[in-house]
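Fold and geometry: a report
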Amino acid sequence: RGRAAEYSGHHIYLFGVALQFIELGLTPERAVRAVKENLEFIAIPTRWALADLRDTERDPSPWFLRFDPSTLNSLRYPESDADDASFGMFYAGTGTLGELIGDMGTLWPRIAAVNLTSLLARLRAMFEYRGEPVLKLFEEELVAWLEKMPDDGLPTDGGKNAST
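Since this is a predicted model, take the numbers as computed values, not measurements.

Considerations on the sheet that holds strand E2 (residues 90–93)
An order of E2-E1-E3 is seen for the 3 strands of this open sheet, with the pairing classed as antiparallel. In the strand order of this sheet, the two ends are held by E2 and strand E3 (112–115), each with one partner. Recorded for the sheet is a direction-independent mean angle of 35° between the axes of neighbouring strands. Strand contacts of helix H6 (residues 94–102): strand E1 (63–67), E2 and E3, with the helix running at about 105° to E2, the strand carrying the most contacts.

This is how it looks when you write it as structure tokens:
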């Protein structure tokens, strides 16, 4: 009767990101909105995570999305369309995340981080189990999406190979 839905590699990856947000306590609606409103912030560390995972010469570095899941301004102020889960999202490596945690002081009662490197590694392992062509297709589709997304001008490896 209907047509089966078709998803590309980046859709599957973004579903995974949204599911991580739901696991951290966002409602499904807020998780979807946070993903849609932060595609650029998701794409940037995803480039670095994928490059790290493909580089067999060294261990991959974790790349994170971080935000405060307790931001409930949209519940306290229903007339506001603002969603702090969307506005308060940033990407970070382990150094930046560690500094942020060290500087939390009285600023935030909690912070949440999604390890995009781990999420990608798990998806790659799942697709690899299904066979090399499936993994290759997933990565090709994910890379095609990443190439369409704007970047922040940083190297694709997060600056790890930059000379000083």
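Some words on the packing of aromatic side chains
One pass over the structure, following the stated rule, counts 3 aromatic pairs. With 5.0 Å between their ring centres and 75° between their planes, Tyr7 and Phe15 make a pair best called edge-to-face. Taking relative accessible area as the criterion, Tyr7 reaches 49% and is therefore assigned partly exposed. On the accessibility criterion, Phe15 (42% relative accessible area) is partly exposed.

The rules we used
- Along each chain, the written sequence defines residue order, and numbers are assigned to residues from 1.
- Note on the predicted model: pLDDT of at least 70 is required for a residue's local features to be given, and 80 or more for side-chain atom pairs to be given and counted; whole-chain, interface and lining totals, by contrast, use all residues.
- Water and hydrogen atoms were dropped before computing side-chain values, which therefore reflect all heavy atoms in the structure.
- Note on pairing: DSSP must find at least two bridges between two strands before they are called paired.
- Each helix is a run of DSSP H or I of at least 4 residues and each strand a run of E of at least 2, with the numbering of both proceeding from the N terminus.
- Only C-alpha atoms enter the line fits that serve as axes; for helices the fit covers just the stretch in contact. Angles between N-to-C directions range over 0 to 180 degrees.
- A contact between two residues is defined here by any heavy atoms of the two lying within 4.5 Å.
- Note on aromatic contacts: the rings of Phe and Tyr and the six-membered ring of Trp form a pair at centre separations within 6.5 Å, being stacked when their planes are under 30 degrees apart, edge-to-face when over 60 apart, and tilted otherwise.
- Partly exposed residues are those whose accessible area sits between 20% and 50% of the maximum for their type, while under 20% is buried and over 50% is exposed, using a 1.4 Å probe and protein chains only.

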